[in-house]
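Residues per chain, in single letters:
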Amino acid sequence: MRGIIRSSSVQMVSVISGLLCRNFSTSHCRLAVDKALLSKLRKQTGIPFINCKKALEKFDNDFDEAKQWLQDQAQKEGWARATKLQSRPMSQGLVALLGDHTQATLLEVNCETDFVARNEKFVDMVSKLVQECNRNLISVGEKRVDLKKEELGEMKTTDSSKLADVVALNVGNLGENMSMRRAAYLSASGDSFLYSYVHPSSPNQKNDNLKVGKYGAVVELCRVDASSWSSSTDTSPDLLELGSHLCQHIVGMNPKSIGEFLPDATGRSKTRHQSVESGEDDSNVVSGEGQKEEETSAVEQEQEANDLLSQEFLLDTSVTVGELLHSNGVEVKDFVRFACGEEGEEEVEG
C-alpha cells in the first residue's frame, strides 16, 4: 500500500513540476522580449505594441522576421477591410505635388473624412505615394503622362511592392476607405520652365519640393523670345511671382484649356467673334441664320469662359490672362490643375 501511495505521489509531483516548468517557460519567453526591439518595431511599422510583442515572441526576437510577418498580416487585414469598405463614398483627401522647374508630379488621394485627411499617417502615406509616382514617371521619359487609379495601383515602390498594397495597408491601419484617384506628370522642354502652387499650403512641410493641400496647379511657361530665356531667368523674382500668380489663377478660375490670344494694335485681346469684321448689314439676315449665329456666339462665349487666356486675371480683373502674358513676353505651353474631390467629365457623363 505504501508503495502505491509513494508511486502516486511521485507521479503527481512530476505532473505538477511539468506544469510549473511549462508555465515558467512561457512566462520566461514573454519576459524575454527585447524592449529596444519592441520599441523599434512599433516605430517602424506603426502597428500596436501588443501585435509587435506577439511577433517578437513568435520569432524569438528576430526583428526582420517579426517585421515581415506583421506587414504580411496587416496587408491581409488591409485588403480585407478595403474590399469591405470599397463602396463607401470618398469626397475628402489630399492633392500632393512634387517637383521643381524642370519636372513635376501631381497626385490626388481620396478618403472618406477630413479627419483622416489631416491625420499624420495619411499625410505621410500621400507623401510617400507621390514620391514613388514621381520616380516611376520620370523613368517613362514622356513630356506629359496622365494616369488613373488602376494604372497607379500597378506601379512598384522601391521595395518592389505595388502602390495599391501601400494604400490597402493604410486602409487597415486607419479604418477608412481610401484610394489613389489620378496623377499627372509634366516635364519642361529646353526653352520652358515649370511653376507650381498648392492651396492651402502647410507651414510644416519638410521638403521644399513636396507640398500637400486641397488644390494644386502646375503651369509650363516659355519666353516669346527664346533667346532671352536662360537657366537664371526661371528663378528671377518677376518670373517666380508671375508663375505663382498664374497658378493661383488656375486654381481659382478652373480653366479647361489654354485658348488662343489674338492681340490688336494696342496689345488688347480680341476673341474670335470680336475679330470678325462687322461691315455686314445684320438687318438683311434671315431670322433662321440669325438664330444660328446667336447659338454659335453663345457656344463661343462659353468656350472663352473656359479658355485660360480669355479669362480676366484673378488678381487684376482689368486685364485678361492673355494680355498679362503678352505684356511680359511669356506664353503658356501647358498646365495641370487638380482639386480634391471634384467630379471629372467622365464621372459626370457616367
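Cut-offs used in this document
- Each chain carries its own residue numbering, running from 1 in the written order of its sequence.
- In view of the model being predicted, local features appear only for residues whose pLDDT reaches at least 70, and side-chain atom pairs are presented and counted only at 80 or more, with totals across whole chains, interfaces and linings using the full set of residues.
- The basis for every side-chain value is the complete set of heavy atoms in the structure, and neither hydrogens nor water enter the calculation.
- Think of it this way: DSSP has to see at least two bridges between two strands before they count as a pair.
- The way it works is that DSSP assigns letters per residue, a run of H or I at least four long becomes a helix, a run of E at least two long becomes a strand, and they are numbered from the N terminus.
- With axes taken as lines fitted to C-alpha atoms, and helix axes fitted only over the stretch in contact, angles between N-to-C directions fall between 0 and 180 degrees.
- The classification of residues rests on relative accessible area computed with a 1.4 Å probe and restricted to protein chains. Under 20% of the type maximum is buried, over 50% is exposed, and intermediate values are partly exposed.
- When checking whether two residues touch, look at their non-hydrogen atoms; a contact exists if any pair is within 4.5 Å.
- Expected span, for any helix, means 1.5 Å times one less than how many residues it has.
- Any N or O atom pair separated by 3.5 Å or less is treated as a polar contact, with the protein-specific requirement of one donor-capable and one acceptor-capable atom, and with residues adjacent in sequence counted only for side-chain atom pairs.
- The way it works is a 1 Å grid over only the protein atoms, where trapped points that fit a 1.4 Å probe form a cavity and open points with protein on both sides within 12 Å along at least five of seven lines form a pocket, and then any residue with an atom within 4 Å of a point lines it.
- Grid points are joined across faces, edges and corners, and a volume is the space filled by probe spheres set on the points.
- Residues are sorted three ways: Asp, Glu, Lys and Arg are charged, Ala, Val, Leu, Ile, Met, Phe, Trp, Tyr, Cys and Pro are nonpolar, and all the rest, Gly among them, are polar.

(A) Looking closely at the sheet that holds strand β4 (residues 178-187). Across the sheet, five strands lie side by side as β3-β4-β2-β1-β6; this open sheet has antiparallel pairing. With partners counted over all chains shown, the strands left at the sheet margins are β3 (144-148) and β6 (210-213), one partner each. Between one strand axis and the next, the sheet turns by 15 degrees as a mean value, whatever way the strands run. One ladder, built from eight bridges, connects strand β1 (residues 92-99) with strand β2 (residues 103-111); its direction is antiparallel.

(B) Main features of the environment of G329. Locating G329 in the fold gives a position in the loop between α11 (321-327) and β10 (330-339). We classify G329 as partly exposed; its relative accessible area is 23%. The spatial distance from the C-alpha of G329 to the C-alpha of C222 is 8.7 Å, given a sequence separation of 107 residues. Residues in contact with G329, not counting those within four places in the same chain, are C222, R223 and V224.

(C) The arrangement of unusual backbone geometry in detail. Looking along the chain, the bond that leaves H199 and enters P200 is cis, with omega of -10 degrees. Position of P200 relative to the elements: it lies in the loop between β5 (192-199) and β6. In this structure, S160 takes a positive phi of about 75 degrees despite not being glycine. With respect to the helices and strands, the residue S160 is situated in the loop between α7 (149-153) and α8 (163-174). When its relative accessible area of 54% is taken as the criterion, S160 is described as exposed.

(D) Main features of α8. With twelve residues, α8 should reach 16 Å at 1.5 Å per residue; the first-to-last C-alpha distance of 17 Å fits that figure. Residues of α8 that are buried: L163, V166, V167, A168, N170, V171 and L174. Two residues or fewer past α8, G175 is found with a positive phi of approximately 75 degrees.

(E) Quick peek at helix α6 (residues 120-140). For α6, spanning 21 residues, the distance from its first C-alpha to its last is 31 Å, which sits close to the expected 30 Å at 1.5 Å a residue. Those residues of α6 that fall on the buried side of the exposure criterion are F122, M125, V126, S127, L129, V130, E132, C133, N134, N136 and L137. The N-terminus of α6 is capped by N119, whose side-chain oxygen sits 2.7 Å from the backbone nitrogen of K121. The positive-phi residue at the C-terminal boundary of α6 is G141, with phi of around 80 degrees.

(F) Spotlight on the layout of surface pockets. Here the largest pocket is characterised by a volume of approximately 690 Å³. Listed by contribution, the elements that provide at least two residues to the lining of the largest pocket are α2 (35-45), α4 (63-85), α6 and α8. Broken down by element, the lining of the largest pocket gets its largest block of residues, five residues, from α8. In terms of residue class, the lining of the largest pocket is made up of five nonpolar, nine polar and seven charged.

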